[in-house]
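Analysis of the macromolecular model
Spelled out from the first residue to the last, the chains are:
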Amino acid sequence: MLRSNTCGELTKEDVGKEVQLAGWVHIRRDHGGLIFIDLRDRYGMTQIKFDPEINKEAHSAAEALRSEWVLQAKGKVVERPQEMANKNMATGEIEIEVTELNVLSKSKTPPFSLNEEKAEEANEAIRLKYRFIDLRRPKLQEMLRVRDEMIRDIRAYFHERGFREVQTPILANSSPEGARDWLVPSRLYPGKFYALPQAPQQFKQLLMVAGVDRYFQIAPCFRDEDPRMDRHYGEFYQLDMEMSFVEQEDIFNIMEPLMVDLTEKYSEKKVMQTPFPRVPWKEAMTKYGSDKPDLRFGFEIMPISDLVKDCDFSVFSDAVKKEGAVHALKIEGGAKFSRKDIDELTALSKNKGAKGLAYISIKGNGELSSPIVKFLGDDLSKKIIETVDGKNGDLIFFGADDWRTVCKVLGAVRDECGKRLGLKDSKKAAWLWVTDFPMYDYSEIEEGKIDFAHNPFSMPQGGLEALETKNPLDILAQQYDFVCNGYELTSGAIRNHSPEIMYKTFAIAGYSKEEVDEKFGAMIRAFEYGAPPHGGNAPGIDRLLMVINDWNSIRDIYAFPKDGQGRDVMMDSPSEVDPAQLKELGIKFTK
RNA sequence: GGACCCGUGGUGUAGCUGGUUAACACGUCUCCCUGUCACGGAGAAGAUCGCCGGUUCGAGUCCGGUCGGGUCCGCCA
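All values derive from a computational prediction rather than experimental measurement. (Residues numbered from 1 in each chain as written. Chains lettered and ligands numbered in written order. Predicted model: local features only at pLDDT ≥ 70, side-chain atom pairs only at ≥ 80, totals over all residues.)

1. What about the overall build of chain A?
- Along its length, chain A carries 18 helices and 24 strands.
- Viewed in the frame of its principal axes, chain A has a C-alpha envelope of about 95 × 75 × 55 Å.
- Sorting the 591 residues of chain A into buried and exposed places 34% on the buried side.
- Restricting to contacts in chain A with at least 6 residues of sequence separation, those with at least 24 account for 68%. (Helix = DSSP H or I, 4+ residues; strand = E, 2+ residues; numbered from the N terminus. Buried ≥ 20, exposed ≤ 12 C-beta atoms within 10 Å, placed from the backbone. Contact = placed C-beta atoms within 7 Å.)

2. Observations concerning helix 6 (residues 248-266)
- With 19 residues, helix 6 extends 27 Å from end C-alpha to end C-alpha; this agrees with the ideal 27 Å at 1.5 Å per step.
- Residues of helix 6 that are buried: Ile-251, Ile-254, Met-255, Met-259, Leu-262 and Thr-263. (Expected span 1.5 Å × (residues − 1).)

3. Let's talk about the packing of helix 15 (residues 499-508) against helix 16 (residues 513-527)
- For the pair helix 15 and helix 16, the least separation of the axes is 11 Å and the interaxial angle reads 155°. Taken together, the axes of helix 15 and helix 16 lie roughly antiparallel to each other. The handedness of the crossing between helix 15 and helix 16 is right-handed. Contacts between helix 15 and helix 16 involve Pro-499, Met-502, Tyr-503 and Phe-506 from the first element and Lys-513, Val-516, Ile-524 and Phe-527 from the second. (Axes fitted to C-alpha atoms, helices over the stretch in contact; angles between N-to-C directions. Parallel < 35°, antiparallel > 145°, perpendicular 65-115°, else oblique. Left-handed = near helix turned anticlockwise from the far one by under 90°.)

4. Observations concerning the UniProt feature "binding site: L-aspartate" (unreviewed entry) in chain A
- Sites flagged by UniProt as "binding site: L-aspartate" (unreviewed entry) map to Glu-177, Arg-223, His-454 and Arg-495.
- Looking at the secondary structure, you find Arg-223 in strand 9 (residues 214-223).
- A residue is classified by how many C-beta atoms lie within 10 Å of it, and Arg-223, with 19 of them, is partly exposed.
- Beyond its immediate chain neighbours, meaning those up to four positions away, Arg-223 contacts Ala-179, Arg-180 and Gln-198. (UniProt positions renumbered as here; feature names shortened; annotations may be inferred.)

5. Concerning the pairing of strand 17 (residues 395-401)
- For strand 17, the tally of buried residues reaches seven of seven residues, placing the bulk of the element in the interior.
- Bridging between strand 14 (residues 325-331) and strand 17 involves seven bridges; their strand directions are antiparallel. Residue Ala-328 lies in a different strand from strand 17, and its bridge partner there is Phe-398. (Pairing = 2+ DSSP bridges.)

6. A word on the sheet that holds strand 16 (residues 368-369)
- Judged by pairing direction, the sheet is antiparallel, and its five strands sit side by side in the order 13-14-17-15-16 without closing on themselves. Both edges of this open sheet fall to strand 13 (301-303) and strand 16, since each of them pairs with a single strand only.
- Both strand 15 (residues 358-362) and strand 16 contribute to a ladder of two bridges, which runs antiparallel. If you follow Ser-361 over to strand 16, its bridge partner there is Ser-369.
- Packed on one face of the sheet, helix 12 (residues 378-387) meets strand 13, strand 14, strand 15, strand 16 and strand 17 and runs near 80° to strand 15.

7. Description of the sheet that holds strand 10 (residues 234-244)
- Read across the open sheet, the eight strands follow the order 6-9-10-24-23-22-19-12; overall the sheet is mixed. Looking along the sheet, the strands with just one partner apiece sit at the ends: strand 6 (164-165) and strand 12 (278-280).
- With ten bridges joining them, strand 9 and strand 10 adopt antiparallel strand pairing. Considered in strand 10, the bridge of Tyr-215 is made with Glu-242.
- Sheet strands touched by helix 7 (residues 281-288): strand 12 and strand 19 (431-435). Its angle to strand 12, the strand with the most contacts, is close to 85°.

8. Brief notes about the domain arrangement of chain A
- You can read the domains of chain A as domain 1 (12-105), domain 2 (139-262 + 536-561) and domain 3 (297-422).
- On a C-alpha basis, the centroid separation for the pair domain 1 and domain 3 is 65 Å. (Domains from an automatic or database assignment.)

9. Structural notes on helix 16
- Helix length check: helix 16, at 15 residues, gives a terminal C-alpha distance of 15 Å against a target of 21 Å (1.5 Å per residue), a shortfall beyond 12%.
- Most pronounced at Phe-520, the bend in helix 16 amounts to some 100°.
- Of all the residues in helix 16, the buried ones are Phe-520, Met-523 and Phe-527.
- Buried residues along helix 16 sit in contact with helix 5 (201-209) and helix 15. (Bend = angle between axes of the 7 residues up to and from the residue.)

10. Remarks on the nonpolar core
- Membership of the largest hydrophobic core comes to 100 residues, with the highest contact counts inside it found for Leu-329, Phe-397, Val-413 and Leu-432.
- Ranked by residues supplied to this core, first place goes to helix 13 (residues 403-420) with seven residues.
- Not counting residues up to four positions away in its chain, the partners in contact with Phe-397 are Leu-329, Ile-331, Leu-357, Tyr-359, Leu-410 and Val-413. (Core = buried A, V, L, I, M, F, W, Y, C linked by C-beta atoms within 7 Å.)

11. Points about the protein's contact with RNA strand B
- Close to RNA strand B lie 50 residues; Gly-32, Gly-33, Asp-226, Asn-455 and Gly-564 are nearest.
- Mapped onto the surface near RNA strand B, the elements with two or more residues apiece are strand 1 (18-30), strand 3 (44-50), helix 2 (124-129) and strand 23 (487-494).
- Residue classes in the surface near RNA strand B are distributed as 14 nonpolar, 16 polar and 20 charged. (Near = placed C-beta within 6 Å. Nonpolar A, V, L, I, M, F, W, Y, C, P; charged D, E, K, R; others polar.)

12. Describing the pairing of strand 19
- Within strand 19, five of the five residues are buried, which leaves it mostly tucked inside the rest of the structure.
- Side-chain alternation along strand 19 places Trp-431, Trp-433 and Thr-435 on one buried face and Leu-432 and Val-434 on a second face that is also buried.
- Pairing of strand 12 with strand 19, which is carried by three bridges, proceeds in the parallel orientation. Residue pairing across strands places Val-279 opposite Val-434, the latter belonging to strand 19.

13. Details of the environment of Ile-37
- Among the structural elements, Ile-37 can be located in strand 2 (residues 35-41).
- Under the C-beta neighbour-count criterion, Ile-37 is labelled buried, with 28 such atoms within 10 Å.
- Each C-alpha atom, one on Ile-37 and one on Ile-48, is 5.3 Å from the other, the two residues being eleven residues apart in sequence.
- Setting aside residues no more than four positions away along its own chain, Ile-37 makes contact with Val-25, Arg-28, Ile-48, Ala-62 and Leu-65.

14. Some thoughts on the UniProt feature "binding site: ATP" (unreviewed entry) in chain A
- In the numbering used here, UniProt assigns the feature "binding site: ATP" (unreviewed entry) to Arg-223, Asp-224, Glu-225, Glu-488, Gly-540, Ile-541, Asp-542 and Arg-543.
- Structurally, Asp-224 is set in the loop between strand 9 and strand 10.
- Non-local contacts of Asp-224, meaning those with residues more than four positions away in its chain, are made with Ala-179, Arg-180, Asp-181, Trp-182 and Gly-234.

15. Some remarks on the confidence of the model for chain A
- Taken residue by residue, chain A gives an average pLDDT of 91. The fraction at 70 or more is 98%.
- For chain A, the element scoring lowest by mean pLDDT is helix 10 (residues 339-351), at 83; strand 6 scores highest, at 97.
- Confidence metrics for the complex model read pTM 0.91 and ipTM 0.90. (pLDDT = per-residue confidence, 0-100.)

16. What to know about the environment of Ser-4
- The topology assignment puts Ser-4 in the segment before strand 1.
- The exposure class of Ser-4 is partly exposed, given the 13 C-beta atoms found within 10 Å.
- Along the primary structure Ser-4 and Leu-380 are separated by 376 residues, whereas in three dimensions their C-alpha atoms are 80 Å apart.
- When neighbours within four sequence positions are excluded, Ser-4 is seen to be in contact with Val-19 and Gln-20.

See below:
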């Protein structure tokens, strides 16, 4: 061993011991006589001292040391003179009196400073290029630790409960739904491609048919969509899990305790409510204007269509007549918003599709300030305020449009008000399940066409009978999302395990039997040979880490992240390949 | 595909309505310093202000273009 101890562990108890430490030069303080060096490794920092009276040779060698050199120092642990102890360091009561110094590795002057108090952060491009240096910082070491321990805990949790981790293929096939696939050309079959899996969805369902019963995997997932600050380009990890012979509540009961543990162990947040509230999708959309509401604060939205359907304010009455809706959002304490706040909230709501943002502000003295009271009339205004239980100091916003737009707009306003009023408490984690998602929705691409709202593999509520008798838009799926503090962390479902029902669900969305056979042949065939009812979900590990820690950059989550344009500037990928490789794959570029 | 913002020594920034030696902090280098811990002191090097063009007597500053970077929208459960 090149060291007897790490740089983070020696204390007063160790005084007198002969030790060897190894690590990086964090900072050097040269007093001409004495030279102090903070020696740093993953575990911490220890001050090592070079005294010419103790070892002249080591002292003169130490004059040449520079930042980020890698050293081995042998010497004795000594107690610092009492008034010289550093209470900010775990090892601050001792130092090492060095008798022998070995330079294990020199360093060029680093392109940016690792001394966080002294230097401002260099820009992302340079830090990513030298990620191996940036990762030496305690903050990023901490990220690596949390990520590692969290994944270890997740594995232990599932193993204790009889789950089996199975690695599913990375070279898989293109899946027709969702994001853009990563394609991998096949050398043996020119013109054909593998696709990297967007999720192991089909494989895990096949594992259920295979009798694995309880499966999980820390699964790499691949999607070729444009990068964003909060989403890693190309690849990310999910805690993928699936169980046989279960109902929705069984999945919840497995997932909830784990999420509580992970939240409270790996963040400062306290979980607000257990069991997590179950909020049906329709209710979430109406009450919070979102399918991923932030429940750290109240601010419930209330439909008032009936109240205003015949009123003189045509914006409201017309919306109701056109089969739309009018909703009211009461913001407690919102009357203190300035003109500028209101203008910005109006801009936000227009951005979400509203034509405007009507409001009634109830001043502290009960006086109303509102551009619409004069149209509503005093009586109706009063009635509305009573309905939403408006008090002095409150502000009531209104949305009048088609139902979906009203929900979306007031949801965005609600969220922004919560932020502006400081209600997004970083010490709280408001988990909930959003349940009963619709199975179908109008297609966003083709006017009038019906398409899957979310996952086509979910079991429709009511099964075959519902598919045959109900309006598709009224059919709900046994599908649920897992939400924390306004972020969707996972979505999952009880799956459709019946070939008959599956053909029917796809038929409603416009897929023929032949198309289904072609695209999901393996699964349909498998379901013909005895498929257990099953379900599961797949929380994003990265997303979970970000949400519970309020981290907001992929840089904080990955050891080696891509940059804002999907490149790895350290490894220089993507890069060109040898023409011979292309030839072998039968790939030729035109142009 | 679209919108907005930013390019000034190694790093982070300043540089007002155009005016001649481009400033500051950290870092680097040299010298001094035996109790510092963001050590201190003295000094030095280091930038044709991303690039091209235009306006002007004069451009880091104004205008146009271009390249590079960042964020957002679209997209992504």
